[in-house]
Amino acid sequence: MAVLTVNDLTASYRKNKVLNDVSFNVQPGSLTSIVGPNGAGKSTLLKVMLELHPKLSGDVSFFGSTLNKMKTRVGYVPQRGSVDWDFPTDALDVVLMGLYGRVGWLKWPKREHREKAMDSLEKMGMADYAGRQISQLSGGQQQRVFLARALVQEADLYFMDEPLAGVDAATEQAIMTILNELRMKGKTVMVVHHDLQTVEDYFDHVLLLNRTVVAHGVTKDVFTKDNVYQTYGGTLRYMMEATT
Amino acid sequence: MSYTAWILLTASLVGLSCGLMGVFLILRRMAMMADAISHSVLIGIVSAYLITRELSGWHMMVGGIIAGLLTAVLVQWFNSRGVQQDASIGVVFTTLFAIGVIMIATQVGNAHLDVKHALMGEITFVPWDLIQLSWFGAIPEATLILIIVLIIVVIAILAFYKEWKITSFDPMLAASIGIPVALMHYLFMSLVSITTVAAFDAVGAIMVVAMLITPAAAAYLWTDRLSIMLILSGTFGVISAIGGYYIAVFLDTSISGSMAFATGIVFMISFLCSPKHGVLAQHFRTVKM
């Protein structure tokens, strides 16, 4: 059974249509990169699926059910730039936020929640930075904190918006190790990705998106020159031919 | 209690509730929203008076909440339809405030409710307007309302601490894990409204903005922890209120003006001296290097 089924999803942003009849489904245990040019609607696709941005039409089902019923099984890592890193809080506290939904109304996080958050930071190699104010962390460390916050949710399906953007090589490796571990455990991960060079090494599935799905499937079948050209249009053809 | 003691207590209550609410206003980047609500509650207060023909704090509270929520909803609505956030705030609150002013000038016009009072407040009148509580004795109505509002604010912050924290820091994550972001926003706006209305009598629409924003902005410079920021901001609010009163006595001038001025002094001291963001600390750091 598909973990995620998207049917004819259409959405607009300030009257411009950014997603048009997007349909695909995702199998459990896959690691999919969502690839496409700027403005192709990659981030919007994640937000619309998670009902953080309104859709015009179409439907999305999670584990054969609705998002509302499956919320605890779905995790989301927003773009690092979407939050204020000067917020008065530390790394452990940010990770703890991933558990707020589970703590419940009118309750405060308990020691077990703190321990879980700490384990998660440790997994990302960030245990030494638990008490560090978040603005004092490097970009790569901030991204690891975001990943730790997603891990602590123990979801079955993850959406990650550019987790590898602007991070150092060590962080990139740490994140990819974690993503592969998640896949081994049968979890499903969809990642908005910008670096075409690493798609084949990192991801077993790829979704080429430019307002609609250009191609979707196993990376080695779908990630062909023709499909990539079609997704990016003329500009990329020029760039790629210039470099090869 | 003596006349001065009532004024100091009332002013401290304003400083404390505004200081606490201000922390979340700053972190949610809604300082301008405080300005908007502090003005547009006027239309709620006047409407409550026109409907009930009584100058009762409780009616005004309800009117103020409705006006505050109306402001928040309208700002959001214009914004979602392509008007920029700050322009949207500017348009909504000035219009609502203007209607309030016209209503006072044409419909109400008596000694108890006038435009100057609404803008500047008059804390010196507060101790005269006493009500009797059987278990306590005489207490100024404005002070009693402020005590109740402070209790509501403290309970709400304790109850929704993590929800307001996560919706302030990362609303996208909050929504994705099922926290009702919009509901928390409007609940927060309601609390800002009641705090503003409660503080209205004492400091008026303009000075309440100083009490909401400045102590919190100062507290932000001293700490990296939200809980400490709340404690500091509340403390700065109380210090400014009491300090402002004595400045006013010393200079024989407006109490609300002096209280707002005192928040400015607290902020300047923080801006210069805070160990983390302070100008002096930064100067010495560069010298050391």
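Residues numbered from 1 in each chain as written. Chains lettered and ligands numbered in written order. Predicted model: local features only at pLDDT ≥ 70, side-chain atom pairs only at ≥ 80, totals over all residues. Heavy atoms only, no water.

Under an unreviewed UniProt entry, chain B has the name Iron ABC transporter and belongs to Paenibacillus glacialis. You can read under Sequence similarities (unreviewed entry) in the UniProt record for chain B the words "Belongs to the ABC-3 integral membrane protein family." (UniProt positions renumbered as here; feature names shortened; annotations may be inferred.)

As recorded in an unreviewed UniProt entry, chain A goes by Manganese ABC transporter ATP-binding protein and comes from Paenibacillus glacialis. Database annotation for chain A, UniProt heading Sequence similarities (unreviewed entry): "Belongs to the ABC transporter superfamily."

### Overview of the nonpolar core
Counting residues in each nonpolar core, the largest one holds 131 residues, and the members touching the most others are A:Met160, A:Leu179 and B:Trp164. With 23 residues, helix H8 (residues 181–220) of chain B is the largest single contributor of residues to this core. The contacts of A:Met160, once residues within four sequence positions are left out, are A:Leu46, A:Val77, A:Leu147, A:Leu179, A:Leu182, A:Val189, A:Met190, A:Val191 and A:Val192. Residues A:Leu9, A:Phe63, A:Met70 and A:Leu209 belong to the second largest nonpolar core, which totals 29 residues. (Core = buried A, V, L, I, M, F, W, Y, C linked by side-chain atoms within 4.5 Å. Buried < 20%, exposed > 50% of the residue type's maximum accessible area, 1.4 Å probe, protein only. Helix = DSSP H or I, 4+ residues; strand = E, 2+ residues; numbered from the N terminus. Contact = heavy atoms within 4.5 Å.)

### Notes on the sheet that holds strand E4 (residues 57–62) of chain A
Strand pairing within a sheet occurs via backbone hydrogen bonds; the two strands may be parallel or antiparallel. All names here are of chain A. Across the sheet, 3 strands lie side by side as E2-E1-E4; this open sheet has antiparallel pairing. Of all the strands in the sheet, the pair left with one neighbour each is strand E2 (16–26) and E4. Sheet twist, expressed as the average angle between the axes of neighbouring strands with direction ignored, equals 25°. Pairing analysis gives 5 bridges linking strand E1 (residues 4–13) to E4, with the strands arranged antiparallel. For Leu4, the partnering residue across the bridge sits in E4 and is Phe62. (Pairing = 2+ DSSP bridges. Axes fitted to C-alpha atoms, helices over the stretch in contact; angles between N-to-C directions.)

### Quick look at helix H2 (residues 31–52) of chain B
The terminal C-alpha atoms of H2(B) lie 32 Å apart, and with 22 residues this matches the ideal 32 Å at 1.5 Å per residue to within 8%. Trailing H2(B) by a residue or two, B:Arg53 shows a phi angle of about 55°, which is positive. (Expected span 1.5 Å × (residues − 1).)

### Brief notes about the environment of B:Met189
Residue and element names in this part refer to chain B. As for its position among the elements, Met189 is in helix H8. C-alpha of Met189 to C-alpha of Ala72: the two residues are 117 residues apart in sequence and 7.0 Å apart in space. Setting aside chain neighbours within four positions, we find Met189 in contact with Met30, Met33, Ile37, Leu69 and Ala72.

### Focus on the pattern of salt bridges
Within the structure shown, the criterion is met by 11 salt bridges over all chains. Of the charged contacts, one joins B:Arg29 and A:Asp84 as a salt bridge, the two residues approaching to 3.1 Å between their closest N and O atoms. A residue pair is termed interchain when its members come from two chains, as with B:Arg29 in the loop between helix H1 (3–27) and H2 and A:Asp84 in the loop between strand E5 (74–77) and helix H3 (91–97). The residue A:Asp156 makes a salt bridge to A:Lys187 at a minimum N-O spacing of 3.5 Å. With A:Asp156 in the loop between helix H6 (139–152) and strand E6 (157–161) and A:Lys187 in the loop between helix H7 (169–184) and strand E7 (188–192), this residue pair connects regions lying 31 residues apart in the sequence. What makes A:Asp156 partly exposed here is its relative accessible area of 25%. (Salt bridge = Lys/Arg side-chain N within 4 Å of Asp/Glu carboxyl O.)

### Observations regarding the interface of chain B and chain A
At the junction of the two partners, chain B supplies 30 residues and chain A supplies 30 residues. Of the roughly 2800 Å² buried between chain B and chain A on both sides combined, carbon and sulfur atoms contribute 67%. Per-residue buried area on chain B facing chain A is highest for B:Lys162, B:Phe169 and B:Met172; these three make up 27% of the total on that side. At the junction of chain B with chain A, the criterion picks out 4 salt bridges. For A:Arg149, the salt bridge is made with B:Asp170, and the minimal N-O distance between the two is 2.8 Å. Summed over the shared surface of chain B and chain A, the result is 10 residue pairs in polar contact (both at pLDDT 80 or more). (Buried area = accessible area lost by both parts, 1.4 Å probe. Polar contact = N/O pair within 3.5 Å; in protein donor to acceptor, adjacent residues only side chain to side chain.)

### Observations concerning the environment of B:Gly63
All names here are of chain B. Within the secondary structure layout, Gly63 lies in helix H3 (residues 57–80). Classification of Gly63 by relative accessible area gives buried; the value is 12%. Placed 185 residues apart in sequence, Gly63 and Ala248 show a C-alpha to C-alpha distance of 31 Å.

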